[in-house]
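# Working through the structure, step by step
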Amino acid sequence: MTESTTNRVLSAKGITKRYGANTVLHSIDFSIEAGSVVGLIGENGAGKSTLSSIIAGIKQPDEGAMTIDGVAYTPTGPLDALNSGVAIIHQEIKMIPELSVAENMFLGRLPTHRGRVATRQMVTEARAALEDLGVALDPRRPVAGLSTATQQEIEIARAILRRPSFVIFDEPSASLGQDETKRVLEQIEVLRSRGTGVVYISHRLDEISAIADRVFCLRDGRKVGEWPSADIDREGMIRAMVGRELALRNIEPPTPEDHVVATVEGLSSGRFEDISFELRRGEILGVSGLVGAGRTEIVRSLAGADRFTAGTVSVDGRRVRIRSVSDAIGAGIYMVPEDRKTQGLNLNRTSAENISLPWESRLVPRGFVTTRFLNRLKKRMTKELDIRGNLDRPVGLLSGGNQQKVLLAKWLVRTPKVLILDEPTRGVDVGAKEAIYEIIRDLATQGVAVIVVSSELEEVLMLSHRVMVIAGGRQKALLSRAEATPERVMQMAVS
Amino acid sequence: MATPVKADSPANTGTMATTSAIRVAQVKSKLKILSGPLIGLILLIVVLSFLSPVFLTPNNLVNILVQVSYIGIMAAGATLVIILGGIDLSVAAVLGFSFMVVAVTYQNLGWPFWLSILVGLAVGAGIGLVNGILIAYGNIQPFIATLATMFAATGLSLYLTNGTPILGLPDWFQGLSQIRWLGISLQVYLMIAVFVIAGLWLRFRPAGRSLYAIGSNEEVARLSGIRVKAMQLRVYALAGFLAAVAGLVVGARLNAAQPSAGNSSDLLAVIAAVVIGGASLAGGVGSMWGTFVGLLIIGVLNNGLTLLNVSPHLQPVVIGAVIILAVLSDGRLFSMFRRGRGTDAH
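### Comments concerning the overall build of chain B
For chain B, the count of helices and strands is 15 helices and 2 strands. Split into buried and exposed, the 346 residues of chain B put 51% on the buried side. Put simply, of all contacts in chain B between residues at least 6 apart along the chain, 78% involve residues at least 24 apart.

Encoded structure:
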């Protein structure tokens, strides 16, 4: 690519995308300008990834057209898009650990010389790209063992190798810490100064405010608005994304009882140290912290999914030994795991079978698990949680929101003493989110102690009686509802 | 498909391949009884009865059942292992070795035969347990662990007697293989009993049902409170035990302990029966009924080809072709072709 990258515009008009009866993008007009950063915001399922996939040539629109500088741009695939100067950096980085950094950067287009891979040339180019971004790395070393953040930087270097005119960043900071995110933002700054047009997709609204020149908001596949970054603040962005004020913020959760149902003391393992807290009946404890801080590891140990090396757990005043999930279930501690598709549900099995799985051996210790048993279970849970869809079909066919409800139903067949929810509303649409918050509140009213691990600060602050902040595997704070302001929580989370 | 999928946002659920595979699994489960393999079996029987006048005679049909009975007993155990998501390559070798132990303790150590039988069964279960431990706790892949025990058992079998068979087993034992009720041998009833009991356990008991969960996604099963490792030990031990039972059946029929009993073609027949019957080697799919039909297909094929004077060397070729047909008709392969068209995750 020898053309100058200044003054170029990628323009998409009327982009529509459907999956069967479902329209995920409704006639979107979107543009990227050279030397400028567009922040693309929207809730999960709003269509951000779909739009960027279409621009990067990964998916084809059903309607609409794109141009670059007025010339038709119709990429047939990601490689074609790259040749036209459009690169995308994905959320989930897939590198091949056994291959070197340089080989990963040139995957699919290794330079050859007379039938052999031109390794030296490849390494030289790779090194140049990495240095350009300020990354100190030997391109010959294997990728295995490098942190996610470093892999992300390699990915960025890979994308800019061909000097693209437009680069799309799809949630680059989702799995990064504070410092690493700063580096990414600096690299985007470098790109901008060179005249590259950047799209930055993120849920972290402060980053959007920091880096973007323009903010473009999608909701339910429609464009909500487009503003110069200086003209819109955080509250404004949230309102645009969600379509309403987060009024729930001020609804007080029901008052917990005095009885202490669970005590955790000095819980430690390789990933976290000395976690202690008490839970009362009907209390909702939020667990906040940055990605990678150790929140999931802590609750998994409590739920028996991972072993812990020190500390005690007591339920209703009595010490319990938790060495397996089965032990935890016996003690009344249940966990709804983070990833419902790979950890929570067997997608091939029906919803009814998924719901009954933990309970068959406990509710039918001597007899046969009959269709009647499954049907009764099914009817009860469908009613209790308002699950829509046929529960006798494989659960993988249900919508994200209903899948999450099935997963919750699985753990509410029996009333737990302590229910742990790890990212309960991830990948769930707005309507189902509300329903899940209702369910959590109802559980608290019934006397269940709920632990909610969530990366959405608003959600945690809205739901919890108290907030435990974890950073670097350590318990930094246990804040009351009044003390838990977004600023304070963030402060503790990055300490 | 009877009902079209409503706007349940399948876009949110992942790849097109997953959706197709799920729907095929749905259709398959609806047709549980009237399955592809059963239709195949019926067709085979019809065709063979035309091709050979001897085929459809009661004598011949009973013969088929008798011939496959020991394979069937092993196949029941293998089905459980495969649904669990594993594989057991050692079953045939355990068949031979466990009965060799029976014969050696009886003949060379002078133990009462009933005790020898118990020891043989214990050895079978023991080897199965070793498999289970290697796989569950040693984190060794099932293929490798059971391959190792297979070699070990085969070797030990030959070592115990220096390769010579052991004769002189009690008459009543040989007599067991002659007992007939309603014209059908005892071993056939034994096989059927194994299938029925295993089938009921698999379908209705929580422990049996958990095999499907473990085979579908071991982590999900574990996080659901299923004691996965314990289940693995149980199932592999059971497979070993059933292999030892099959060893008794073979031993009674031959009236000798042959070091060559339980060879690789037996192993292949066992796995073929399970796969033709619709179980997936990836785990989470399968049934006793399916394996039974698969077993019959193999028995009928072998029998029919022999009656038609087809060279015995060609018989495995035919079985191989049938296996491929069986897997192709398992929707999973079709959905793999569709996977190439890209994903529709948002």
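### As for the sheet that holds strand β3 (residues 37-41) of chain A
All names here are of chain A. The strand order β6-β9-β10-β3-β11-β12 describes an open sheet built from 6 strands, whose pairing is mixed. The open sheet has two free edges, formed respectively by β6 (86-89) and β12 (222-228), since each of these has just one partner strand. Strand after strand, the sheet turns through a mean of 20 degrees between neighbouring axes, direction not considered. Pairing analysis gives 4 bridges linking β3 to strand β10 (residues 197-201), with the strands arranged parallel. Bridging across to β10, Gly39 finds its partner in Tyr200.

### So, the pairing of β10(A)
Consecutive side chains along a regular strand alternate between the two faces of the sheet. Residues and elements named next belong to chain A. Among the 5 residues of β10, 5 are classified as buried, and the element is accordingly described as predominantly covered. Alternating residues of β10 divide into Gly197, Val199 and Ile201 and Val198 and Tyr200, and every residue in both groups is buried. Here strand β9 (residues 166-170) runs beside β10; their pairing, made up of 5 bridges, is parallel. Bridge pairing in β10 places Asp170 opposite Ile201.

### A short note on helix α1 (residues 48-55) of chain A
Residues and elements named next belong to chain A. Taking burial as the measure, the 8 residues of α1 include 8 buried ones, the bulk of the element. When we look at burial in α1, the residues that qualify are Lys48, Ser49, Thr50, Leu51, Ser52, Ser53, Ile54 and Ile55. Immediately downstream of α1, the backbone of Gly57 shows phi near 80 degrees, a positive value.

### Some details on the environment of A:Lys48
Residue and element names in this part refer to chain A. Within the element layout of this structure, Lys48 appears in helix α1. Put simply, Lys48 and Cys217 are 169 residues apart on the chain and 8.9 Å apart in space, counted from C-alpha to C-alpha. Dropping the residues within four chain positions of it, Lys48 is found in contact with Leu40, Gly42, Ile201 and Leu218.

### Re unusual backbone geometry
Unusually for a residue other than glycine, A:Asp316 sits at a positive phi of about 50 degrees. On the secondary structure map, A:Asp316 appears in the loop between β16 (310-315) and β17 (318-320). Overall, the presence of 14 C-beta atoms within 10 Å leaves A:Asp316 in the partly exposed class. The phi angle at B:Asn255 is positive, at roughly 55 degrees, despite the residue not being glycine. The residue B:Asn255 is located in the loop between α11 (228-254) and α12 (264-276) in this model.

### Quick notes on the confidence of the model for chain B
All names here are of chain B. Averaged over every residue, the pLDDT of chain B is 86; the share at 70 or more is 85%. The lowest-confidence element of chain B is helix α15 (residues 332-339), averaging 46 in pLDDT; the highest-confidence one is helix α5 (residues 113-136), averaging 97. Predicted confidence for residues 1-15 stays below pLDDT 50, and this span has 35 contacts to residues more than four positions away or in other chains. Confidence drops under a pLDDT of 50 for residues 336-346, and excluding neighbours within four residues, the segment shows 21 contacts in the predicted structure. Among the scores for the predicted complex, ipTM is 0.79 and pTM is 0.76.

### Some details on the sheet that holds strand β21 (residues 466-471) of chain A
Residues and elements named next belong to chain A. Taken in spatial order, the 6 strands line up as β18-β19-β20-β15-β21-β22 in an open sheet, and their pairing is mixed. With one partner strand each, in any of the chains shown, β18 (333-336) and β22 (474-480) form the two edges of the open sheet. Within this sheet the neighbouring strands show an average axis-to-axis angle of 20 degrees, counted without direction.

### A closer look at the packing of α12(B) against helix α13 (residues 288-307) of chain B
Residue and element names in this part refer to chain B. Where α12 contacts α13, the axes come no closer than 7 Å and their chain directions differ by 125 degrees. Comparing their axes, α13 and α12 come out oblique. Every pair of crossing elements has a handedness; the one defined by α12 and α13 is right-handed. Contact residues: Ala269, Ala272, Ala273, Val274 and Ile276 in α12; Thr291, Gly294, Leu295, Ile297 and Ile298 in α13. Looking at the contact of α12 with α13 residue by residue, the classes come out as 8 nonpolar, 2 polar and no charged.

Calculation criteria
- Residues numbered from 1 in each chain as written.
- Chains lettered and ligands numbered in written order.
- Predicted model: local features only at pLDDT ≥ 70, side-chain atom pairs only at ≥ 80, totals over all residues.
- Helix = DSSP H or I, 4+ residues; strand = E, 2+ residues; numbered from the N terminus.
- Buried ≥ 20, exposed ≤ 12 C-beta atoms within 10 Å, placed from the backbone.
- Contact = placed C-beta atoms within 7 Å.
- Pairing = 2+ DSSP bridges.
- Axes fitted to C-alpha atoms, helices over the stretch in contact; angles between N-to-C directions.
- pLDDT = per-residue confidence, 0-100.
- Parallel < 35°, antiparallel > 145°, perpendicular 65-115°, else oblique.
- Left-handed = near helix turned anticlockwise from the far one by under 90°.
- Nonpolar A, V, L, I, M, F, W, Y, C, P; charged D, E, K, R; others polar.

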